[in-house]
Amino acid sequence: MESVCMRDAHSMIAGFLLFAGMACCGAAEEPVLTVRKFSFPAPSDMDRAEVYAVQTVANPEGVLVLCPGCNGSGEGLVKSRVWQKFSRENRLGLLGISFASPSKFHTADSGRGYYHASQGSGQALLDAIEKIYGKDLPILLYGVSGGAHFTSRFEEWKPERVRAWCAYSAAWWDEPKKNPASPPGIVGCGDYDASRYGVSLIYFKQGRALGKPWLWVSLPKIGHASTGPFEEFVRAWFAGVLRNDPKFGSWVDVDRKDLISPSEAESVPSVSGWLPDKKLFEVWRTIHEP
């Protein structure tokens with residue numbers, strides 16, 4: 001039987017190839033920066049704990065962490081010109097994780113392995129940031145598939161370290177915890193990704209019921225793959241969080257795709273989502289299809 005990791009790898013490849021093609025075409029003038037690999041002792045229940053880093057700016061004010069699919073390597077992601085350009089323009093360091101665990105831990109009820117940031121993988125990332133940058137930095141996380149598992153659990157484990165995050169297309173989710181200081185986040189999934197779509201939407205609704213400043217993005221006619229337009233929106237959304245006071249922003253109805261007032265969002269939290277900047281509304285409305 002094909003493993004979960006292999007299914008993830010096969011189903012994600014088309015989306016990553018599309019994204020890579022768009023990145024090269026859209027930013028061909030940008031140089032590709034040198035990538036360095038840092039290896040750390042693998043925590044319990046992990047086979048590998050490596051991080052790939054790119055020096056985008058001399059003194060970053062935060063760090064963007066790209067988290068690939070199940071047991072994947074972030075090396076190719078940090079080589080992307082578009083992610084490098086975004087990090088440079090926003091004064092962010094750029095890291096890609098390369099974490100791996102035995103496949104037996106990649107189940108909904110294992111509670112073990114690198115998907116569970118509190119079990120060692122999260123500390124491995126924090127240690128990497130300290131080693132590479134010499135200080136603690138605010139973190140932005142973008143995770144797809146297996147990377148979404150790690151991303152969602154890391155922000156629940158260390159919300160005070162996370163400035164913003166996006167978790168796309170996880171197969172299962174832990175129930176979110178109430179925390180008034182929860183960082184802004186995006187939960188997304190393709191509507192053809194049948195085994196992940198419903199549980200991802202439920203997770204979003206659970207978080208919004210707790211008042212978390214989250215946004216739901218449903219990509220139409222997309223299976224288990226990310227897309228260039230979605231990742232472009234994620235970058236714009238991250239930039240909005242960095243640029244604006246998180247106490248402000250705009251609210252949307254994720255079903256009707258309308259702008260709504262803060263009081264409306266509070267009265268119907270499970271169908272409302274948060275934008276850091278009203279200017280992002282039309283872009284979100286274009287890519288999102290409930």
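What you see as residue numbers is a count from 1 along each chain, following the sequence as written. Per-residue local features of the predicted model are confined to residues with pLDDT of at least 70, and side-chain atom pairs are confined, for both listing and counting, to 80 or more; whole-chain, interface and lining totals are unaffected and use all residues. Here the side-chain values reflect all heavy atoms present in the structure, with hydrogen atoms and water set aside.

### Focus on the packing of helix H4 (residues 121-133) against helix H5 (residues 146-157)
Where we set the bar: Fitting a line to C-alpha atoms yields each axis, with helices limited to the stretch in contact; the angle taken between N-to-C directions then spans 0 to 180 degrees. Helix and strand definitions follow DSSP, with helices as H or I runs of at least four residues and strands as E runs of at least two, each counted in order from the N terminus. When describing relative orientation, an angle under 35 degrees is termed roughly parallel and one over 145 degrees roughly antiparallel, while 65 to 115 degrees is termed roughly perpendicular and anything else oblique. Contacts were defined at the residue level, with two residues in contact if any of their heavy atoms lie within 4.5 Å.
At a minimum axis separation of 10 Å, H4 and H5 run at an interaxial angle of 80°. Taken together, the axes of H4 and H5 are roughly perpendicular relative to one another. Seen from H4, the contacting residues are Ser 121, Gly 122, Gln 123, Leu 125 and Leu 126; seen from H5, they are Phe 150, Phe 154 and Trp 157.

### Observations concerning the pairing of strand S5 (residues 139-144)
In plain terms, the rule: Remark: exposure states derive from per-residue accessible area (1.4 Å probe, protein chains only) relative to the maximum for the residue type, with buried under 20%, exposed over 50%, and partly exposed in between. Here, a strand pair is defined by DSSP locating no fewer than two bridges between the strands.
Of all six residues in S5, six are buried; the element is thus mostly enclosed. Both faces of S5 are covered, namely the face carrying Ile 139, Leu 141 and Gly 143 and the face carrying Leu 140, Tyr 142 and Val 144. Two strands pair when backbone bridges link them, and strand S3 (residues 62-67) and S5 are joined in this way by five bridges, in the parallel orientation. By the bridge assignment, Leu 64 is partnered in S5 with Leu 140. In terms of strand pairing, S5 meets strand S6 (residues 162-168) through six bridges, oriented parallel.

### Overview of unusual backbone geometry
One non-glycine residue, Ser 145, lies in the positive phi region at around 60°. One can find Ser 145 in the loop between S5 and H5. In this structure, Ser 169 takes a positive phi of about 70° despite not being glycine. Mapped onto the elements of the fold, Ser 169 is located in the loop between S6 and strand S7 (185-190). For Ser 169, a relative accessible area of 1% translates into the label buried.

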